[in-house]
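Here's the letter readout for the chains.
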Amino acid sequence: MKDSTESHTSHIKFWRKRNKPELTLDDITIVDRKMLNRAVGAAALGNAMEWFDFGVYSFLAVTIGHVFFPSGSASAQLIATFATFAAAFLVRPLGGMVFGPLGDKIGRQKVLAFTMIMMAAGTFSIGLIPGYSSIGIAAPILLLVARLVQGFSTGGEYGGAATFIAEYSTDKRRGFMGSWLEFGTFGGYLLGAGLVTGLTAYMSNDQLLAWGWRIPFFIAAPLGLFGLYIRLKLEETPAFQKHMEKQEEIEHNKPQQTLFEMLRKYWRPMLQCIGLVLLFNVSNYMLTSYMPSYLTSVLGLSELSGLMLIMVVMFIMMPLTLVLGFWNDRLGRKPVLLAGAIGLIVLSIPSLMLIGHGRMVGVFCGLMLLGILHTFFSGTMPAALPALFTTNTRYSALAIGFNISVSLFGGTTPLVTSWLVSETGNVMVPAYYLMGAALIGAITVFSLKETARKPLIGSAPAVETKEEAKKLLKKLHLRKKKREEEKANLGNNTPTS
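Residues take numbers from 1 onward in each chain, read along the sequence in its written order. Local features in this predicted model are restricted to residues of pLDDT 70 or higher, and side-chain atom pairs are both shown and tallied only at a pLDDT of 80 or more, whereas totals for entire chains, interfaces and linings draw on every residue. Water and hydrogen atoms play no part in the side-chain values, which are based on all heavy atoms of the structure.

Each helix is a run of DSSP H or I of at least 4 residues and each strand a run of E of at least 2, with the numbering of both proceeding from the N terminus. Across its full length, the protein chain carries 23 helices and two strands. Within the span of the protein chain, comprising 497 residues, buried residues form 54% of the whole. Note on definitions: a residue-residue contact is assigned when non-hydrogen atoms from the two residues lie within 4.5 Å. Contacts in the protein chain between residues far apart in sequence, at least 24 positions, make up 86% of those at least 6 positions apart. As presented, the protein chain carries roughly 22,000 Å² of accessible surface, and 66% of it is formed by carbon and sulfur atoms. Each residue gets one of three labels from its accessible area relative to the maximum for its type: buried under 20%, exposed over 50%, partly exposed in between, using a 1.4 Å probe on protein chains only. Throughout, the Shrake-Rupley method with a 1.4 Å probe supplies accessible areas, and for residues the shown protein chains are the sole cover considered.

Take a look at the structure:
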């Protein structure tokens, strides 16, 4: 592990070049621990709410098909339900293009508060929509509109939440604090899935069809209000505040950077972001979206058994994600991500072979192996992705790059994998698909610069205490003095003509 002062050197050079000739104590950010914890909680809650809806909608797919698409066959109802679900992925990049630049202009906190309102309203409204038997074709149309609202708001949620946590965290603990974002992902999914499982167990099918299915969607309202309250109580991130202070010193007639100019200037980190998110989300959606249907339709397990296995695996993944967040702060983002990618390349086939045996123990071990490998990404990506971009473009670039990759590769994983299995008859296709994503991810990781324990690009160091800041300045001063002495000695030893 590198000395923490060494790890700051390259970014401090960037700071001196772009801001001031010398770093001072006032430049270093002293992070308020209580405010950091509240920021992490508020960001993770929004992500949990997104995946609460994901779990509820996925687990209620058959019931929603009966309520909103009653005229078709069972398979047609399911296809229509998931098509409506998938429509939300199409508008996510649009949400990123709107909310990302807005977050870089008016602030992360304001935009995240608004996306929370939109997500809660979209989810809650699904519970209010009358069924097809009451209002006919208007029912599925309204369902589609609600899903589009959810997708649009989600386009600004993850990139903003990851940015918010990254800019609030200290340089030494950014990986661990960011891992709580994915902890919220698993927690929200399990809450939604567990609630639906409980309703299914304690209600009759007629009760569930008549009104029971609406209950999980109604819960979104108090969750959304609670999340909104927390987010409104937060201050703007220290990094963004300092960025805006510097912007005020710049001449007001300077033209603003357009979206296309930003994409042209930062195309390399944007491609890196897309490659990392491809790896992250293919493994995610393969496990959470495709595997439940794979276990039932391909392997013949009961639906309840498949869903319970996935839920147990995700429950175990929650603390493992925090463990990987802790260790990527110490080992580095690149080694952890590379280990996960190589693990997928090597172990995807053995995992699918274990799952393919159809015995409960083997299936669980195979799923758990995939789940453990995914935590290498879920524990690291929330810190690695925001570090690719500078403060003035971080929200925009991350929101756009993340959602483009999710829409093209993550959200399509269940559909493409199902089609390939159907066309080829090869049940090992999911393993090959994971290996392909892992290969792209590994190549992307090799192109990255290590960012663990370093300041974000364009920002001064962020530490926990004033004493730590003084210690850092003292070390930097001694290092500078040593370099000057070495330079002077080199000059004295140069032979004269």
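Another point: the pattern of salt bridges. Between Lys or Arg on one side and Asp or Glu on the other, a salt bridge is scored when a side-chain nitrogen of the former is within 4 Å of a carboxyl oxygen of the latter. Scanning the entire structure with this criterion turns up nine salt bridges. Among the salt bridges present, the one from R33 reaches E464, with a minimum N-O distance of 2.2 Å. Here R33 is found in helix α2 (residues 33–59), whereas its partner E464 is found in the loop between β2 (462–463) and α23 (466–492), with 431 residues between them in sequence. Of the charged contacts in the structure, one is a salt bridge between E167 and R108, with a shortest N-O distance of 2.7 Å.

Judged by nonpolar contacts, the single largest core of 108 residues is most densely connected at F68, M291, L367 and L385. Considering every element that reaches this core, the biggest residue donor is helix α15 (residues 267–298), with 16 residues. Among buried residues, the Ala, Val, Leu, Ile, Met, Phe, Trp, Tyr and Cys ones that are joined through side-chain atoms within 4.5 Å form a nonpolar core. Grouped together as the second largest cluster of nonpolar side chains are eight residues, L23, I28, A460 and A469 included.

Within the secondary structure, T321 is located in helix α16 (residues 303–331). A relative accessible area of 0% means that T321 is categorised as buried. Once residues lying within four places of it in the same chain are set aside, the contact partners of T321 are S179, E182, F183, F186, T375, S378 and G379.

As a further point, take the confidence of the model for the protein chain. Here the protein chain averages 84 in pLDDT, and 89% of its residues register 70 or above. For residues 14–20, every residue scores under 50 in pLDDT, and the model assigns this stretch 16 contacts once sequence neighbours within four places are set aside. Every residue is assigned a pLDDT by the predictor, reflecting its confidence on a scale from 0 to 100.

This part takes up helix α18 (residues 360–378). The end-to-end C-alpha distance of α18 is 26 Å, a good match for the 27 Å that 19 residues give at a rise of 1.5 Å each. Within α18 the residues assigned to the buried category are G362, V363, G366, L367, M368, L370, G371, L373, H374, T375, F377 and S378. One less than the residue count of a helix, multiplied by 1.5 Å, gives the span that helix is expected to have.

Between 30 and 60 degrees the pair is tilted, below 30 it is stacked and above 60 it is edge-to-face, where a pair is any two Phe, Tyr or Trp rings, Trp via its six-membered ring, whose centres lie within 6.5 Å. On inspection of all chains with the given rule, the structure shows 14 aromatic pairs. For the pair F89 and Y285, a centre-to-centre distance of 5.7 Å together with 75° between the ring planes defines the contact as edge-to-face. Note that F89 is positioned in helix α4 (residues 74–106) and Y285 in helix α15, a separation of 196 residues in sequence. Of the two residues, F89 and Y285, both sit in the buried class. Ring geometry for F176 versus W180: centroids 6.2 Å apart, planes at 80°, classification edge-to-face. Of this pair, F176 and W180 are both found in helix α9 (residues 174–202), four residues apart, which corresponds to roughly one turn of the helix.

Bringing helix α3 (residues 61–68) into the picture now. By the criterion of burial, α3 is predominantly enclosed, with six of the eight residues buried. Among all positions of α3, only A61, T63, I64, G65, V67 and F68 are buried.

A word on the environment of I355. Assignment of secondary structure puts I355 in helix α17 (residues 333–356). When the C-alpha positions of I355 and L295 are compared, they lie 8.2 Å apart, and in sequence the two are 60 residues distant. Excluding anything up to four places from it in sequence, I355 contacts M291, Y294, L295, L299, G362, V363, G366, L367 and L370.

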